[in-house]
There are 2 protein chains.
Amino acid sequence: MATIAAETRFEIQRHRILKAAATCFNEKGFSGTSLKDVSRQLGLTDAALYYYVKNKEELVYQCYLRAAELGRDAMDQGRIEGETGFEQAFLYIRYHIEIMVGDRGPVAIMSEIPSLKRSHRNEILEVSRRHSAGFEQLLACGIEDGSITPCDVRMTGNAIMGSINWIPKWFHGNAGTAKQIHNEFPEILMRGLRPNVARK
Amino acid sequence: MATIAAETRFEIQRHRILKAAATCFNEKGFSGTSLKDVSRQLGLTDAALYYYVKNKEELVYQCYLRAAELGRDAMDQGRIEGETGFEQAFLYIRYHIEIMVGDRGPVAIMSEIPSLKRSHRNEILEVSRRHSAGFEQLLACGIEDGSITPCDVRMTGNAIMGSINWIPKWFHGNAGTAKQIHNEFPEILMRGLRPNVARK
DNA sequence: CAAAAATTTTAATCTAGATTAAAATAATGC
DNA sequence: GCATTATTTTAATCTAGATTAAAATTTTTG
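Residues numbered from 1 in each chain as written. Chains lettered and ligands numbered in written order. Predicted model: local features only at pLDDT ≥ 70, side-chain atom pairs only at ≥ 80, totals over all residues.

A. Quick look at the overall build of chain A. Secondary structure assignment for chain A yields 7 helices and 0 strands. Counting from the amino terminus, chain A carries its helices and strands in the arrangement α-α-α-α-α-α-α. Projected onto the principal axes, the alpha-carbon positions of chain A cover approximately 65 × 35 × 30 Å. Here chain A, with 200 residues, has 43% of them falling under the buried criterion. A separation threshold of at least 6 residues defines the contact pool for chain A, and within that pool the share at least 24 residues apart is 66%. (Helix = DSSP H or I, 4+ residues; strand = E, 2+ residues; numbered from the N terminus. Buried ≥ 20, exposed ≤ 12 C-beta atoms within 10 Å, placed from the backbone. Contact = placed C-beta atoms within 7 Å.)

Right under this line is the structure:
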């Protein structure tokens, strides 16, 4: 078999595990998925997982870290490529969703932060807050530069992020739907924010 | 102590239990909450819960049934009171959110349907589908009567319901925020759907 | 108030699933 | 191919938490 540097091999397997775990967690929740659920997907034994993560809590934590990283990447890219605040927000959403429903997914929904141990919980909460704040900032910039109609950025952000976070609850890997989602969702989520030339 | 008819007393307690359970489930998930978590909130023993529900699965099931009922009520009321499709959808959202963040809440998020036993799962899925379909129909009516701008009602419905479903993940009972949510959210979720007199 | 019914608790039992240690197997470098 | 390192499995252990039965307590009814 092709020789692969140890670290790479390890990282690949670790990565597969995180994706399998994310699938399970999204579907059945943290406590609802057993390590056997995860390992079975990979043709492994549950005990094998302990070679890659310290324990189950660590597994969720890593999933969340990865989710945060992917979200951050999407936002960075949106920031770079968009001109106006609107475009930046729009592109961020587009990229984030593309990742969630595409090959790099599934991405774990951070819906069980309370299950994490204190230090991890605090870290994820912090990262999560930063992400929300970043999005709100995009919106604020858009309002500033006139590309977004004035609104409560906190609540608007919550609404949009909620929609995005909920996607894995109803999307289960159908390719057609995936295309539909990433084609339509950014527009659906942002269309209320276009400043109107004339509205009574 | 004031004498209360047995059935009423039972129903009251049962109801308190469902609300306490919904709080826990929303926060920590199905498997993540122990019956002790629920009973502790009420000053009871975990064993006492078995007088009201057959088992833990039944408890979630009942929570979901109640959530479905409240959602249905809100939609009915929106249908009755609104004139146009837009108004009906808007009012439904308003009422539903009012319930979720108000005194009748918390309402359980139906995020762990897979944890239900088959028959319950099927029933909840059916009810849930019906609810989505009902909302999509409101949107379709709105498009029909010109109060809503043409759009993909399936995807738009998913987006809006996702926002709503996610609310309990970040709202934790603060009265000020509650007011803000139910004042602003309906507008935030629906503002993209107003037909525009003029848009390039 | 006393009997009957309703509600709750106490004290077990039982099980799934997390975790671990030691053994077995596979991959790699020389 | 051999020695070493990496990976996985087998086979225990251990524990939290669901569930239950019987006893205790509280409420209701006549």
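B. How the structure looks around the interface of chain A and chain B. Listed as interface residues are 32 residues of chain A and, on the opposing side, 32 residues of chain B. Elements with a contribution of two residues or more to the side of chain A that touches chain B: α1 (6-28), α6 (153-170) and α7 (175-190) of chain A. Top element by residues in the side of chain A that touches chain B is α6(A). It accounts for 11 residues. For the side of chain A that touches chain B, the residue count by class is 12 nonpolar, 13 polar and 7 charged. (Nonpolar A, V, L, I, M, F, W, Y, C, P; charged D, E, K, R; others polar.)

C. Fine view of the relation of the copies chain A and chain B. If you rotate chain A by 180° and push it 0.0 Å along the axis, it lands on chain B with an RMSD of 0.0 Å. Such a turn and shift between the copies fits a two-fold axis. For chain A, the residue whose C-alpha comes nearest the rotation axis is Gly192(A), separated from it by 1.7 Å. A share of 100% of the interface residues of chain A reappears at the interface of chain B, consistent with the copies meeting face to face through the same patch. (Least-squares fit on C-alpha atoms with pLDDT ≥ 70 in both.)

D. Highlighting the packing of helix α4 (residues 85-101) of chain A against α7(A). Residue and element names in this part refer to chain A. Where α4 meets α7, the closest approach of the two axes is 9 Å, and the angle between their N-to-C directions is 155°. The orientation of α4 relative to α7 falls into the category roughly antiparallel. Once α4 is placed against α7, the crossing between them reads as right-handed. Between α4 and α7, the residues in contact are Phe 86, Ala 89, Phe 90, Ile 93, Arg 94, Ile 97, Glu 98 and Val 101 and Ala 178, Ile 181, His 182, Phe 185, Pro 186, Leu 189 and Met 190, respectively. Tallied by class, the residues present in the contact of α4 with α7 amount to 12 nonpolar, 1 polar and 2 charged. (Axes fitted to C-alpha atoms, helices over the stretch in contact; angles between N-to-C directions. Parallel < 35°, antiparallel > 145°, perpendicular 65-115°, else oblique. Left-handed = near helix turned anticlockwise from the far one by under 90°.)

E. The arrangement of the nonpolar core in detail. Counting 107 residues, the largest nonpolar core has Ala21(A), Cys63(A), Ala21(B) and Cys63(B) as the members making the most contacts within it. Take this core: its biggest share by element is 11 residues, from α4(A). If sequence neighbours within four positions are ignored, Ala21(B) has contacts with Val38(B), Leu59(B) and Cys63(B). (Core = buried A, V, L, I, M, F, W, Y, C linked by C-beta atoms within 7 Å.)

F. Looking closely at the environment of Pro168(B). Residues and elements named next belong to chain B. With respect to the secondary-structure elements, Pro 168 resides in helix α6 (residues 153-170). Look at Pro 168 and you get buried, because 22 C-beta atoms sit within 10 Å. Distance from Pro 168 to Ala 108, taken between C-alpha atoms, is 8.3 Å for residues 60 residues apart in sequence. Ignoring any residue separated from it by four or fewer positions in sequence, one finds Pro 168 in contact with Asn 26, Met 100, Pro 106 and Ile 109.

G. Quick look at α7(A). Residue and element names in this part refer to chain A. In a regular helix each residue adds 1.5 Å, so 16 residues correspond to 22 Å; α7 covers 23 Å between its end C-alpha atoms and thus fits that length. Maximal helix bending in α7 amounts to about 40°, located at Glu 184; proline Pro 186 follows within four positions. When we look at burial in α7, the residues that qualify are Ile 181, His 182, Phe 185, Pro 186, Ile 188, Leu 189 and Met 190. (Expected span 1.5 Å × (residues − 1). Bend = angle between axes of the 7 residues up to and from the residue.)

H. Structural detail: the protein's contact with DNA strand C. Lining the immediate environment of DNA strand C, one finds 21 residues, of which Leu35(A), Asn55(A), Thr45(B), Ala47(B) and Ala48(B) sit closest. At the level of elements, α2 (35-41) of chain A together with α1 (6-28) of chain B are the ones that each hand at least two residues to the surface near DNA strand C. When residues in the surface near DNA strand C are grouped by element, the largest group, 4 residues, is from α1(B). A per-class count over the surface near DNA strand C returns 11 nonpolar, 5 polar and 5 charged. (Near = placed C-beta within 6 Å.)

I. Region of interest: the packing of helix α5 (residues 118-144) of chain A against α6(A). Residues and elements named next belong to chain A. Axis separation between α5 and α6 bottoms out at 9 Å; the angle between their running directions is 120°. The angle between the axes of α5 and α6 places the two elements in the oblique class. The two elements α5 and α6 cross, and the hand of that crossing is right-handed. In this structure, α5 uses Ser 132, Phe 135, Glu 136, Leu 139 and Ala 140 to contact α6, whose residues at the interface are Val 153, Arg 154, Thr 156, Gly 157 and Met 161.

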